[in-house]
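A closer look at the structure
Okay, here's what each chain looks like letter by letter:
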Amino acid sequence: MHATAAFAALLALSVSASPLPLDVSTTAGPQSNLADPAVVSEMQRMMQYSASAYCPAVFQNKTWSCGRPCAGATADSKVVSTFSVKDGFSGVGSVIVNHRTKSI
């Protein structure tokens, strides 16, 4: 079978196959066994840092005092610098250091 024909057959099979039911109760939440707890913890910490971009205390005042995103795993962080981009789109960002977790 030609490679293109094989790909088309595989694509047709994947499109026509019915999806398997997914039990959400076993795949979501803190008891999930789909991800290593250390990975989940690290992802949650990175989400807190991402959320801080929407906080005026961080972006405008360069202080790490924005409530929940600035507490817990991200506590003791320091805002080193903030910046904005306005070249065809709009965005803000910051450089944040945490010596306790040895992260930038």
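So, here is what we can say about the structure in this document.

Rules of the game
- Residues numbered from 1 in each chain as written.
- Predicted model: local features only at pLDDT ≥ 70, side-chain atom pairs only at ≥ 80, totals over all residues.
- Heavy atoms only, no water.
- Phe/Tyr/Trp six-rings, centres within 6.5 Å; stacked < 30°, edge-to-face > 60°.
- Helix = DSSP H or I, 4+ residues; strand = E, 2+ residues; numbered from the N terminus.
- Buried < 20%, exposed > 50% of the residue type's maximum accessible area, 1.4 Å probe, protein only.
- Expected span 1.5 Å × (residues − 1).
- Contact = heavy atoms within 4.5 Å.
- Polar contact = N/O pair within 3.5 Å; in protein donor to acceptor, adjacent residues only side chain to side chain.
- Salt bridge = Lys/Arg side-chain N within 4 Å of Asp/Glu carboxyl O.

A word on the packing of aromatic side chains. According to the stated counting rule, one finds 1 aromatic pair in the structure shown. On the numbers, 5.6 Å between centres and 40° between planes, the contact of Y49 with W64 is tilted. You can see Y49 sitting in helix α2 (residues 37–51) and its partner W64 sitting in the loop between α3 (56–59) and β1 (78–85), a full 15 residues away along the chain. Assigned by exposure class, Y49 and W64 land together as buried.

Here we come to α2. Helix length check: α2, at 15 residues, gives a terminal C-alpha distance of 21 Å against a target of 21 Å (1.5 Å per residue), a fit within 8%. Those residues of α2 that are buried are in contact with β2 (91–97). Between a side-chain oxygen at the N-terminus of α2 and the backbone nitrogen of A38 the separation is 2.7 Å; the capping residue is D36.

On to the pattern of salt bridges. Overall, the coordinates contain 2 salt bridges when judged by the stated rule. Of the charged contacts in the structure, one is a salt bridge between E42 and R45, with a shortest N-O distance of 2.8 Å. Taken together, the residues E42 and R45, both in helix α2 and 3 residues apart, mark about one turn of the helix. Judged by its relative accessible area of 36%, E42 is partly exposed. Judged by relative accessible area, which is 10%, R45 ranks as buried. Among the ionic pairs, R100 bridges to D76, the shortest N-O distance being 2.9 Å. Taken as a pair, R100 in the segment after β2 and D76 in the loop between α3 and β1 lie far apart in primary sequence, 24 residues in all.

From the geometry alone we can't say anything about function, so treat these as descriptive.
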